[in-house]
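# Structural features, examined
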Amino acid sequence: MTKRHVSLPDGAEAGVRGFIDEVDDRLSSDEDTCEVVRDVLVDLHGDREAWEAWQDGESVSRAERVRLQGYDPCNATLESEYYAEKDEAKFQRSKHLQWLWRQFDATPMADNVEFALRFRQMLGKHLFAECGDDCRFFKGISVTYGHNIEVGDNVVIHDDVHLDDRGKLTIGDRASISDGVHLYSHDHDLVDQTEVRNFHTIVADDARVTYDAMVRAGCRIGENSIVGARSVVQGDVPDHHVVVGSPARSVRVKPGWEVVADELEDGRLPDNQDEREIAYELPDDLDRFDEFQRNLRPPK
């Protein structure tokens, strides 16, 4: 099946192209990223008049003030901002770009597919560690940081996908990530939930992770493989295999690829998570505390 070619009317196309190029140029410059993000969001949300009035000293309600302040990512916090092991220097810029990505998705323009895909492709070039060409990022994608994600060429990531790059996440060329998928790169200790281990999670070239599946931290989804809908992957998926279930197991090799595909005993996926662990050190001056205040000592 092939898709149809769709294009915007000439006037709309010129406006879209001009806007995306302008934002791209500003993000590529030495201009303060917070100011760029703030200006873009004020205009996208149609609040320029209210913003200028507030800046001129006019009185606004408390709710309106909070709304207007919120366009500036320096006035916001994200969940990942609280993570102790994050790279503070990288996070500052990625936080601002992530805020633009998320708040753009809250505008009506996020449903204009031709515009939104190109806008997010441009943002991906700034936000991710690497972002290839001709990628299609749909609505509702969330990331932990953004700066630990590498994306290849011609990748498609559909609605409401979570890309956890608390460790590192690599998505290869032509990979397809369906709606509702969660790709993780960190795990919590079974006993002490506050103890976190980070890993490198890989989705290789031409792999497909289908609807509502979950991939555990440190797993590799092999080349040309398929993860079935709502599967839970807890090991490495070999190249060209089809895996389904919870926990996922291989049920077959893709037709035509039997000669080059490795065999799996009982369809069980090998666990190589430990080989992909990413060690980190916490700063000595970190103010450590247990947010749960639990007594984790087992009974005698």
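Note: the structure precedes this text.
Residues take numbers from 1 onward in each chain, read along the sequence in its written order. For this predicted model, a pLDDT threshold of at least 70 governs which residues receive local features, and a threshold of 80 or more governs which side-chain atom pairs are given and counted, while totals over whole chains, interfaces and linings are taken from all residues. As a convention, hydrogens and water are excluded, and side-chain values are obtained from all of the structure's heavy atoms.

### Notes on the sheet that holds strand E16 (residues 232–233)
- Across the sheet, five strands lie side by side as E3-E6-E9-E13-E16; this open sheet has parallel pairing. Where the open sheet ends on each side, the last strands, each with one partner, are strand E3 (142–143) and E16.
- Where strand E6 (residues 162–163) meets strand E9 (residues 182–183), two bridges bridge the pair, whose relative direction is parallel. For His 162, the partnering residue across the bridge sits in E9 and is His 182. At least two DSSP bridges between two strands are needed for those strands to be called paired. For helices the rule is a DSSP run of H or I covering at least 4 residues; for strands it is a run of E covering at least 2, with both sets numbered from the N terminus onward.

### Observations concerning a nonpolar patch on the surface
- Surface patches are defined over residues having more than 30% relative accessible area and no salt bridge, joining like charges when they lie within 9 Å and nonpolar side chains (Val, Leu, Ile, Met, Phe, Trp, Tyr) when within 5 Å. Surface exposure here means Shrake-Rupley accessible area, sampled with a 1.4 Å probe, where a residue is shielded only by the protein chains that are shown. Any Lys or Arg side-chain nitrogen found within 4 Å of a carboxyl oxygen on Asp or Glu counts as a salt bridge. A cluster of nonpolar side chains, contributed by Leu 190, Val 191 and Leu 296, occupies part of the molecular surface with about 340 Å² of accessible area.
- In this structure, Leu 190 sits in the loop between strand E10 (186–188) and strand E11 (196–203).
- Relative accessibility under 20% of the residue-type maximum defines a buried residue, over 50% an exposed one, and the middle range a partly exposed one, all with a 1.4 Å probe and only protein chains included. You can call Leu 190 exposed: its relative accessible area is 89%.

### Focus: the packing of helix H2 (residues 33–44) against helix H5 (residues 88–104)
- Only the contacting stretch of a helix is used when fitting its axis, a line to C-alpha atoms as for every element, and angles between N-to-C directions run 0 to 180 degrees. Running from amino to carboxyl end, H2 crosses H5 at an angle of 5°, the nearest separation of the two axes being 9 Å. On the basis of the axis angle, H2 is roughly parallel to H5. Contacts from Thr 33, Cys 34, Val 37, Val 40, Leu 41 and Leu 44 in H2 reach Arg 93, His 96, Leu 97, Trp 99, Leu 100, Gln 103 and Phe 104 in H5.
- Here the residues of the contact of H2 with H5 are counted per class, giving nine nonpolar, three polar and one charged. For this classification, under 35 degrees means roughly parallel, over 145 means roughly antiparallel, 65 to 115 means roughly perpendicular, and everything else is oblique. Any two residues whose heavy atoms approach within 4.5 Å at even a single point are treated as in contact. Each residue gets one of three labels, nonpolar for Ala, Val, Leu, Ile, Met, Phe, Trp, Tyr, Cys and Pro, charged for Asp, Glu, Lys and Arg, and polar for the others, Gly among them.

### Examining the packing of aromatic side chains
- Only Phe, Tyr and Trp rings take part, Trp by its six-membered ring, and two of them pair if their centres are within 6.5 Å. Stacked means planes under 30 degrees apart, edge-to-face means over 60, and tilted covers everything else. Taken as a whole, this structure holds eleven aromatic pairs when the rule is applied.
- With a centroid separation of 5.8 Å and 15° between ring planes, the pair formed by Phe 19 and Phe 119 is classed as stacked. Here Phe 19, found in helix H1 (residues 10–28), pairs with Phe 119, found in helix H6 (residues 113–127); they are 100 residues apart in sequence, far enough to count as distant.
- Among the residues examined, Phe 19 registers a relative accessible area of 22% and is labelled partly exposed.
- Measuring from ring centre to ring centre gives 6.4 Å for Tyr 83 and Tyr 145, while their planes differ by 75°; the resulting arrangement is edge-to-face. In this pair, Tyr 83 sits in the loop between helix H4 (62–69) and H5 while Tyr 145 sits in the loop between E3 and strand E4 (149–151), placing the two residues 62 residues apart along the sequence.

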